[in-house]
Amino acid sequence: MADTSTTTAEGHEHEEDRRDFLLTSTIVVGAAGVALAAWPFIDFMNPSADVLALASLEFDLSSMEPGQAVTVTWRNKPVFIRRRTAAEIDEAKKVPLSDLKDPQADADRVKEGKDEWLVMIGICTHLGCIPAGQKVTDSKGEFGGWFCPCHGSHYDTSGRIRKGPAPRNLEIPPYAFTNDTTVRIG
Ligand code: FES
């Protein structure tokens, strides 16, 4: 009888060892599986040099007259470029910060010495519509800048939110002038 119970106890132990081994093997295989699956994903997250080059674009501004605007596409987003008139610049500069929902001076939204050029991402900060105001015939809203008809957000000549549900000013993308008449976005 004693032998039988020993055999049973040993058998039990063997079974547990085997189960532990199977469990350990599963965990090791599982971890290797994650590592293999993660590699293509991590590799995908590192864009190649040619993709990075496409991440910025240059635009020649030399043919734009004061009051004109163009929309370019950068990283699948519309970017508004407007060459502001002297009146539009004055209008933007004289607004007290206390009147603004998202207080930001006009000088902080343009490059020093280049305040006739406004470069912004043309996506309403409310729910992402593209505001009107780029075409001569577009409504520019109550503040002479851009108007988002989706829910009635009005932006001024600096692209700052002045009225309506949008919480923030139109976003300024990273950009720089590479010479007097060329802008590089991104
Ligand atoms: S998306 Fe522009 S006002 Fe709602």
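We now turn to the structure provided with this report. Everything numeric here is computed off the predicted structure, so don't read it as measured data.

Conventions and cut-offs
- Residues numbered from 1 in each chain as written.
- Predicted model: local features only at pLDDT ≥ 70, side-chain atom pairs only at ≥ 80, totals over all residues.
- Heavy atoms only, no water.
- Buried < 20%, exposed > 50% of the residue type's maximum accessible area, 1.4 Å probe, protein only.
- Helix = DSSP H or I, 4+ residues; strand = E, 2+ residues; numbered from the N terminus.
- Pairing = 2+ DSSP bridges.
- Disulfide = S-S within 2.5 Å.
- Salt bridge = Lys/Arg side-chain N within 4 Å of Asp/Glu carboxyl O.
- Axes fitted to C-alpha atoms, helices over the stretch in contact; angles between N-to-C directions.
- Contact = heavy atoms within 4.5 Å.

**Things to note about the pairing of strand β4 (residues 117-121)**
Line of reasoning, step 1. Taking burial as the measure, the five residues of β4 include five buried ones, the bulk of the element.
Line of reasoning, step 2. Side chains Trp117, Val119 and Ile121 of β4 all project onto a buried face; the interleaved residues Leu118 and Met120 project onto the opposite face, where all are buried too.
Line of reasoning, step 3. Pairing of strand β3 (residues 77-83) with β4 involves five bridges; the strand directions are antiparallel. Bridge pairing in β4 places valine 79 opposite isoleucine 121.

**Some remarks on the state of the cysteines**
Line of reasoning, step 1. On inspection of all chains with the given rule, the structure shows one disulfide.
Line of reasoning, step 2. Two residues, cysteine 129 and cysteine 150, share a disulfide whose sulfurs are 2.0 Å apart. A torsion of -110° about the S-S bond marks the disulfide between cysteine 129 and cysteine 150 as left-handed. Highlighted residues: cysteine 129 in the loop between β4 and β5 (144-148) and cysteine 150 in the loop between β5 and β6 (153-156), separated in sequence by 21 residues.

**Quick word on the pattern of salt bridges**
Line of reasoning, step 1. Taken as a whole and judged by the stated rule, the model has 10 salt bridges.
Line of reasoning, step 2. Across the pair arginine 83 and glutamate 116 runs a salt bridge, and its minimum N-O distance is 3.1 Å. Of this pair, arginine 83 sits in strand β3 while glutamate 116 sits in the loop between α3 (86-93) and β4, placing them 33 residues apart in sequence.
Line of reasoning, step 3. With a relative accessible area of 25%, glutamate 116 lands in the partly exposed category.
Line of reasoning, step 4. Arginine 84 is the partner of aspartate 106 in a salt bridge, and the nearest nitrogen-oxygen pair spans 2.8 Å. Taken as a pair, aspartate 106 in the loop between α3 and β4 and arginine 84 in the loop between β3 and α3 lie far apart in primary sequence, 22 residues in all. A single burial state applies to aspartate 106 and to arginine 84, both of which are buried.
Line of reasoning, step 5. Among the charged side chains, a network of salt bridges with common partners joins Arg84, Lys93, Asp106 and Asp115.

**Re the sheet that holds strand β7 (residues 161-163)**
Line of reasoning, step 1. Taking strand neighbours across the sheet as the criterion, the three strands line up as β5-β6-β7 in an open arrangement whose pairing is antiparallel. The strands lining the two open edges of the sheet, one partner per strand, are β5 and β7. With strand direction ignored, the average angle separating the axes of adjacent strands in the sheet is 35°.

**Concerning the environment of alanine 105**
Line of reasoning, step 1. Examined against the element boundaries, alanine 105 turns out to sit in the loop between α3 and β4.
Line of reasoning, step 2. Since its relative accessible area comes to 27%, alanine 105 is described here as partly exposed.
Line of reasoning, step 3. With 53 residues separating them along the chain, alanine 105 and serine 158 place their C-alpha atoms 8.8 Å apart.
Line of reasoning, step 4. Apart from residues lying up to four places away in sequence, alanine 105 is in contact with Leu97 and Arg160.

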